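Observations on the model geometry
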Amino acid sequence: MAKIVAKNLTLEIPLIGSTRLFQKKIDVQNFSEKNLGSSKVIRNNIIYSRILDNVSFECNDGDNVALLGHNGSGKTTLLKVIAGIFHSSSGSIYTDGSISSLLDVSAILKPDCTGYENIKLFWLHHNKSVNLNELTTKVEEFSELGEFLKSPTKIYSSGMQARLLFALTTFIKPSILLTDEGLGAGDESFKKKAKKLMDEYMNSAKIKIFASHQLSFVRNNCQKLFLIKKGKLRIFNDVEEGIEAYQSKEYNSPVIVDNDNLYS
Amino acid sequence: MIHKTTILSMIELAWFDIKIKYVRSTLGPFWITLSMIILIGGLSFVFVSLWGIPLKRTMPWIALGIIMWNYISNYIDESSTLFVDGRILNMKIAPLKLIMINIFKHLIILLHNAVVIVAVIIFFDLKITVNYFYLIFSFIIFFINSISFGVLFGFLCCRFRDFILIIRNGIYLIFLMTPIFWMPEVLKGNRMYLADFNIVYQIIQSFREPILGNPLTNYTITYLSIFTLVTAILSIIIYKKYYKRIVLWI
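Residues numbered from 1 in each chain as written. Chains lettered and ligands numbered in written order. Predicted model: local features only at pLDDT ≥ 70, side-chain atom pairs only at ≥ 80, totals over all residues. Heavy atoms only, no water.

**Quick notes on the overall build of chain B**
The secondary structure content of chain B amounts to 10 helices and 0 strands. Starting at the N terminus and walking to the C terminus, you meet the elements of chain B as α-α-α-α-α-α-α-α-α-α. Taken over the C-alpha atoms alone, chain B extends approximately 55 × 45 × 35 Å along its principal axes. Taking all 250 residues of chain B together, 50% fall into the buried category. Of the contacts formed within chain B by residues at least 6 apart in sequence, a portion of 78% connects residues at least 24 apart. (Helix = DSSP H or I, 4+ residues; strand = E, 2+ residues; numbered from the N terminus. Buried < 20%, exposed > 50% of the residue type's maximum accessible area, 1.4 Å probe, protein only. Contact = heavy atoms within 4.5 Å.)

Below is the structure:
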């Protein structure tokens, strides 16, 4: 049983340093008037970027949700709020079920450490909640990196790094799965091998939220669609309808979001 | 929240941080010990020549002072940039946990340096007395203050980046102004406040005096207890108020 309930989430991030000496000042008038980015709020002479604006939604068991939106619309931020990395400025979020504490495993890996050491690092960051031997064997077997696991990961090619990351990421199976821009994979033969593991990983999760730009993936895998623009969320229970809205002229035209009528 | 495996994994993460720094060097983390021996040797040599105080009195004083100072200065310096690198932007980790990892890291370095202290105790034949029990008190005070200062400096420096530079410059000044490698007896008249009201000096004294065979004075115990209580309360207030917001300041 997994559940996410968000009520009136608002997150404002202060743009610290915008008033400092010797720094190019942010132009308050022109800030974020275009399509990119989020709406601005000015309080006490500090510019706040309102990345999430009164977002409410509910996810239950079996929900496969696609999160669509332009760059800087707040997709990743919303995932981070669900994961508990960001705390909302107002509103509440309730989650029931295990969530991976990492959106991106590469954030904790150290390029100076060897493959084996990085596996251990990953294990330590999960408070030893899994079996280290099992994890190591699986990563060895799956990544096929062999002796390279004894070398620092900074000398790996990007494909090799992707294999290690993929093997680590899929080992821990949370019941609420949050993925940002998909998981990278290596060459063709690896992709085939990865497919099975990927399916296993996906099936173990009860709620899945994908932040993605790949419409084909969204069409095949999702039943629900969240469209986000400048921090405001629209929920579509029909994916096609959502994609249509995403591609519509209205969505892609620059609007001044301070006007709530246009997009709510 | 903090159970056994969590503390163990924090210590191991701290050990990782140290290991990376010395990767592919022959001596590894024992570079910490070696550089400390050289520093203490050099300073003692200068001091014996400058003041004419016998080596038996100078060297243990300097060794203990420098080693404790090394912990304090490096810890404060690293606390000030602890949150700036943005690790907490990508993973769910309580700020307190990062602070604890940092403390364990510097305690491990302190353990490496403790080899020098043991060597000094043996070489100069310092007697192990009943006063060693004071070290329990010292260590508790030391640990609580580490957490408090980690919170205070970590949060302050993350929000106001100027403080990173202020602290970095201040550390050097404090090193010279505190009786770490020189003795407070040379202070005259009202200059004694450099030692009496100096928290760094009092913390160092709380370790130095018992190992040199002297009891802690009532003044030191009272001063340290009150100071620790005040900073602990302050840091709890700051932490409760801002731990959710620190991720927005990066």
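**Observations regarding the overall build of chain A**
Within chain A one finds 8 helices and 9 strands. Residue burial in chain A is summarised as follows: out of 264 residues, 49% are buried. The long-range share in chain A, meaning contacts at least 24 apart out of those at least 6 apart in sequence, stands at 72%. With an accessible surface of roughly 12,900 Å², chain A has 50% of that area assigned to carbon and sulfur atoms. (Areas by Shrake-Rupley, 256 points an atom, 1.4 Å probe, with all protein chains shown as cover.)

**Some details on the packing of helix α3 (residues 55-80) of chain B against helix α6 (residues 162-177) of chain B**
Residue and element names in this part refer to chain B. At a minimum axis distance of 9 Å, the contact between α3 and α6 shows a crossing angle of 170°. Classified by the angle between their axes, α3 and α6 sit roughly antiparallel to one another. Every residue of α6 that contacts α3 at I66, W69, S73, I76, D77 and S80 is listed here: I164, I167, R168, I171, I174 and F175. Tallied by class, residues from the contact of α3 with α6 come to 8 nonpolar, 2 polar and 2 charged. (Axes fitted to C-alpha atoms, helices over the stretch in contact; angles between N-to-C directions. Parallel < 35°, antiparallel > 145°, perpendicular 65-115°, else oblique. Nonpolar A, V, L, I, M, F, W, Y, C, P; charged D, E, K, R; others polar.)

**Describing the interface of chain A and chain B**
Counting residues at the interface gives 28 residues for chain A, matched by 23 residues for chain B. For the chain A and chain B pair, buried surface summed over both sides reaches about 2,400 Å², with 65% attributable to carbon and sulfur atoms. Per-residue buried area on chain A facing chain B is highest for H87, L124 and N127 of chain A; these three make up 21% of the total on that side. At the boundary of chain A and chain B, one finds 4 salt bridges. In this structure, the salt-bridge partner of K110 of chain A is D17 of chain B, at a minimum N-O distance of 3.2 Å. Seen at the junction of chain A and chain B, the total is 5 residue pairs in polar contact (both at pLDDT 80 or more). For the side of chain A that touches chain B, the elements supplying multiple residues, two or more each, are β1 (3-14), α1 (75-83) and α2 (115-125) of chain A. Per element, the largest residue contribution to the side of chain A that touches chain B is 5 residues, and it comes from α2 of chain A. (Buried area = accessible area lost by both parts, 1.4 Å probe. Salt bridge = Lys/Arg side-chain N within 4 Å of Asp/Glu carboxyl O. Polar contact = N/O pair within 3.5 Å; in protein donor to acceptor, adjacent residues only side chain to side chain.)

**What to know about the state of the cysteines**
All names here are of chain A. On inspection of all chains with the given rule, the structure shows 0 disulfides over all chains. Cysteine C222 remains unbridged, with the sulfur of C59 as its closest cysteine sulfur at 11 Å. You can call C222 buried: its relative accessible area is 7%. (Disulfide = S-S within 2.5 Å.)

**What to know about the sheet that holds strand β7 (residues 207-211) of chain A**
All names here are of chain A. One open sheet accounts for 5 strands, arranged β6-β7-β4-β8-β9; its pairing is mixed. Only two strands of the sheet have a single partner each, and these edge strands are β6 (176-180) and β9 (232-236). Neighbouring strand axes in the sheet, compared pairwise and without regard to direction, differ in orientation by 20° on average. Alignment of strand β8 (residues 224-229) against β9, held across 5 bridges, turns out to be antiparallel. Residue pairing in the sheet places I228 in a bridge with L233 of β9. Its contacts with the sheet place α1 against β4 (64-69), β6, β7, β8 and β9, and it is angled at close to 150° to β6. (Pairing = 2+ DSSP bridges.)

**Quick notes on the side chain of S9 of chain B**
As for its placement among the helices and strands, S9 of chain B is situated in helix α1 (residues 4-21). For S9 of chain B, a relative accessible area of 1% translates into the label buried. Not counting the four nearest positions on each side in its chain, S9 of chain B is found in contact with L124, N127 and K128 of chain A.

**Points about the sheet that holds strand β2 (residues 39-43) of chain A**
Residues and elements named next belong to chain A. Strand order across the open sheet formed by 4 strands is β2-β3-β1-β5, with antiparallel pairing between neighbours. Unpaired on one side and paired on the other, β2 and β5 (90-96) mark the two borders of the sheet. In this sheet, neighbouring strand axes are inclined to one another by 35° on average, regardless of whether the strands run parallel or antiparallel. Taken strand by strand, α1 contacts β1, β3 (46-59) and β5, and its axis lies near 65° from that of β3.

**What about the confidence of the model for chain B?**
Residue and element names in this part refer to chain B. With 99% of its residues at a pLDDT of 70 or more, chain B has an overall mean of 91. Across chain B, helix α9 (residues 218-242) holds the top mean pLDDT of 96, while helix α7 (residues 193-196) sits lowest at 83. Here the predicted complex carries an ipTM of 0.84, next to a pTM of 0.89. (pLDDT = per-residue confidence, 0-100.)

**Re the pattern of salt bridges**
All names here are of chain A. Counting across every chain of the model gives 20 salt bridges over all chains. E144 is the salt-bridge partner of R163, the closest N and O atoms lying 3.3 Å from each other. Of this pair, R163 sits in helix α4 (residues 158-169) while E144 sits in the loop between α3 (132-143) and α4, placing them 19 residues apart in sequence. According to the relative accessible area criterion, R163 is buried, its value standing at 12%. Residues K193 and E144 are paired through a salt bridge, measuring 2.8 Å at the closest nitrogen-oxygen approach. Note that K193 is positioned in helix α5 (residues 188-204) and E144 in the loop between α3 and α4, a separation of 49 residues in sequence. Residue classification places K193 among the partly exposed residues on the basis of a relative accessible area of 30%. Each of E12, R50, D53 and K232 takes part in salt bridges that share partners, so that together they form one network.

**With respect to α6 of chain B**
Residue and element names in this part refer to chain B. Between the first and last C-alpha of α6 there are 22 Å, a value that for 16 residues agrees with the 22 Å anticipated at 1.5 Å per step. Here α6 has its buried residues at I164, I167, I171 and F175. Where α6 is buried, its residues meet α3 and α5 (134-159). (Expected span 1.5 Å × (residues − 1).)

**Side note on the nonpolar core**
Among the nonpolar cores identified, the biggest contains 153 residues, and F57 and I209 of chain A are the most heavily contacted of them. The element that contributes the greatest number of residues to this core is helix α4 (residues 95-123) of chain B, accounting for 14 residues. With near-sequence residues (within four places) excluded, I209 of chain A lies in contact with I4, C59, V65, L67, L79, I82, L177, L178 and T179 of chain A. (Core = buried A, V, L, I, M, F, W, Y, C linked by side-chain atoms within 4.5 Å.)

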